[in-house]
Amino acid sequence: MAVFIFVCVLFTVAYSATILVYYFSWRGIKNLPVRHLQPVTFITIVIPVRNEQHTIGPTLQALQQLNYPSSLFEVIVVNDHSVDDSLQSVSEFISKSKYSLRTLSLTDEEGKKAAITQAVREAKGNLIITLDADCVPGADWLNTIESVYVQRQFKIICAPVVFDGDASALTRFQQLESAALQGCTAAAIALGHPIMCNGANLAFDKQAFLQVRGYEGNHHVASGDDIFLMEKIAEEFPGAYGYVKCKSACVVTQAQKTLGKFIEQRRRWASKTYSTFNFYVIAVAATVFVFNLLIVGVGMMSLFHGELLVMLLVMIGAKFIVDYLMLQSVSSFMNSGQILLIFLPAQLFSILYFVAVGVMSPFAGLDWKGRKIEPSGKWA
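Below you will find a few notes about this structure.

Rules and cut-offs
Residues numbered from 1 in each chain as written. Predicted model: local features only at pLDDT ≥ 70, side-chain atom pairs only at ≥ 80, totals over all residues. Heavy atoms only, no water. Helix = DSSP H or I, 4+ residues; strand = E, 2+ residues; numbered from the N terminus. Rg over C-alpha atoms; globule rule 2.2 N^0.38 Å. Buried < 20%, exposed > 50% of the residue type's maximum accessible area, 1.4 Å probe, protein only. Contact = heavy atoms within 4.5 Å. Salt bridge = Lys/Arg side-chain N within 4 Å of Asp/Glu carboxyl O. Axes fitted to C-alpha atoms, helices over the stretch in contact; angles between N-to-C directions. Parallel < 35°, antiparallel > 145°, perpendicular 65-115°, else oblique. Nonpolar A, V, L, I, M, F, W, Y, C, P; charged D, E, K, R; others polar. Pairing = 2+ DSSP bridges. Right-handed = clockwise from strand over helix to strand, strands pointing away. Phe/Tyr/Trp six-rings, centres within 6.5 Å; stacked < 30°, edge-to-face > 60°. Lys NZ or Arg CZ within 6 Å of the ring centre and 35° of its normal. Polar contact = N/O pair within 3.5 Å; in protein donor to acceptor, adjacent residues only side chain to side chain.

Turning to the overall build of the protein, a few remarks are in order. Check the secondary structure of the protein and you find twelve helices and twelve strands. Its C-alpha radius of gyration of 21 Å places the protein within 12% of the 21 Å reference for a compact globule of 380 residues. With the C-alpha coordinates aligned to their principal axes, the bounding extent of the protein is approximately 70 × 45 × 40 Å. Taking all 380 residues of the protein together, 53% fall into the buried category. Taking contacts inside the protein between residues at least 6 apart in sequence as the whole, the part at least 24 apart equals 82%.

Structure below.
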């Protein structure tokens, strides 16, 4: 029992220290003083689509409202073997588009990495920005990212993604989780050890992409078009990466509407962890998973060993305190403080959710838009 308690204390300290380091790192990131200079960079926006006929329209329409000169950007929509009317929806929009809009279609290859790779080959822009088909940017989105690209000379830039939806508890939980992910993403990048980023809003230099050979070596992994590229560029160009801590760089996407879809999406995100050799990614993922697993274990054991109740309260208390600090700071930046109203129940749910996703992922495959994904995260 003494050894078990020692392990619990060890992981409680490790988890708390990790979140606190990220918290202070996040707090230390200043809102980038973006100077909206006269745009000079030609940008290619890449939107991979697979069965997105109901979401691509609002995204293309939002691009009409950008303040960036239409002569300085193009949009390439890459059709990844859609079986709905996604391509037709885009084709119908071309005639009324104020900007350069064209489509490509994958033939022999499939998947998001293949779609992005094909688009990069044909892109006219020096700066590539990947945007998910269900994400809506604001009017100053391009201006903000381009300003950072020009002023900071970054080779890859991670930008915020926020969730929108109804006022349900599930939506609020996703918004809360998104705040945590954004905070940790930015903090880890600022510390010089990126552990994640989001391909739904990711910018990178075309020549840097080509120099690191894009996704070569991980095409077989279903997810990870974001973090694998970040890792390769960060290694090739030390320090030439950053996070845009600026609300005008955000894109908005819809939260998952059902618990099943939510769990499935998070399992797909988690699956790329099995294909990384990044020490920091593995260490942080293992610390978070084992800590939450221990909380569940201690909770169950305390039913039969009352002396463990104090340990349980210490672990939950530590988690609540450090998580609240991080979430309060990020939600304040995002002007979404209302999501903290469900903080307490969300914390209890998140413990079970982390454990469930972590336990299920290595043993159960996934289905993504009609495609099978092995438990290892590789295409079946």
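Here Ser16 shows up in helix H1 (residues 2-28). Apart from residues lying up to four places away in sequence, Ser16 is in contact with Ala318 and Val322.

Before going further, it helps to spend a moment on unusual backbone geometry. Phi at His81 is positive, roughly 55°, even though this residue is not glycine. Given the relative accessible area of 26%, His81 is considered partly exposed. With a phi close to 65°, Arg213 is a non-glycine residue in the positive phi region. Within the secondary structure layout, Arg213 lies in the loop between helix H7 (206-211) and helix H8 (227-236). Residue classification places Arg213 among the exposed positions, given a relative accessible area of 57%.

Attention now goes to the pattern of salt bridges. Inspection of the entire model under this criterion finds four salt bridges. Where Arg102 meets Glu122, a salt bridge forms, and the shortest distance between an N and an O atom there is 3.8 Å. Pair noted here: Arg102 is in strand E3 (residues 100-105) and Glu122 is in helix H4 (residues 112-122), with a separation of 20 residues, a long-range link. When salt bridges with common partners are traced through the structure, they connect Glu74, Arg102 and Glu122 into a single cluster.

With their axes 10 Å apart at the nearest point, H1 and helix H11 (residues 309-333) run at an angle of 10° to one another. By the angle class used here, H1 and H11 are roughly parallel. Across the interface between the two elements, Ile5, Cys8, Val9, Thr12, Tyr15, Ser16, Ile19, Leu20, Tyr22, Tyr23, Trp26 and Arg27 of H1 pack against Met311, Met315, Ala318, Lys319, Val322, Asp323, Leu325, Met326, Ser329, Val330 and Phe333 of H11. When its residues are assigned to classes, the contact of H1 with H11 shows 17 nonpolar, three polar and three charged.

Let us look at the sheet that holds strand E1 (residues 43-49). Across the sheet, seven strands lie side by side as E3-E2-E1-E4-E8-E6-E9; this open sheet has mixed pairing. Looking at strand neighbours, the two that pair on one side only are E3 and strand E9 (241-243), the edges of this open sheet. Taking each pair of neighbouring strands and ignoring which way they run, the sheet shows an average axis angle of 20°. Judged from the four bridges that link them, E1 and strand E4 (residues 127-131) form a sheet pairing that is parallel. Paired with Thr44 across the strands is Ile128, a residue of E4. Where helix H3 (residues 86-94) meets the sheet, its contacts fall on E1, strand E2 (73-79) and E3, and the angle it forms with E3 comes to roughly 155°. The sheet strands contacting helix H5 (residues 141-152) are E1, E2, E4, strand E6 (156-158) and strand E8 (201-205), and the helix crosses E4 at an angle near 135°.

This part is about the pairing of E3. Pairing analysis gives six bridges linking E2 to E3, with the strands arranged parallel. In the strand pairing of E3, Ile76 is matched with Arg102. The parallel pair E2 and E3 is bridged by H3, and the resulting crossover is right-handed.

The subject of this paragraph is the packing of aromatic side chains. Under the defined criterion, the tally for this structure stands at 16 aromatic pairs. An aromatic cluster is present here, built from Phe173, Phe262, Phe349, Tyr353 and Phe354 joined pairwise through their rings. Positioned above the aromatic ring of Phe237 is the side chain of Lys155, whose terminal nitrogen or guanidinium carbon lies 5.5 Å from the ring centre. Its end group placed over the ring of Trp26, Lys245 keeps NZ or CZ at 4.0 Å from the ring centre.

Attention shifts here to the side chain of Asn292. Looking at where Asn292 falls in the secondary structure, it is placed in helix H10 (residues 279-301). Engagement of the side chain of Asn292 in a polar contact is seen with the backbone oxygen of Val288, the distance being 2.7 Å.

Across the sheet, three strands lie side by side as E5-E10-E7; this open sheet has mixed pairing. Looking along the sheet, the strands with just one partner apiece sit at the ends: strand E5 (135-137) and strand E7 (161-164). Direction aside, neighbouring strands of the sheet carry axes that sit 35° apart on average. Here three bridges tie E5 to strand E10 (residues 251-254), and the two strands are oriented antiparallel to one another.

For E2, the tally of buried residues reaches seven of seven residues, placing the bulk of the element in the interior. With burial as the criterion, each face of E2 is covered, one bearing Phe73, Val75, Val77 and Asn79 and the other bearing Glu74, Ile76 and Val78. Bridge count between E1 and E2: seven bridges; the pairing is parallel. Counterpart to Ile47 in the pairing with E2 is Val77. Note that the unit made of E1, helix H2 (residues 56-64) and E2 has a crossover that is right-handed.

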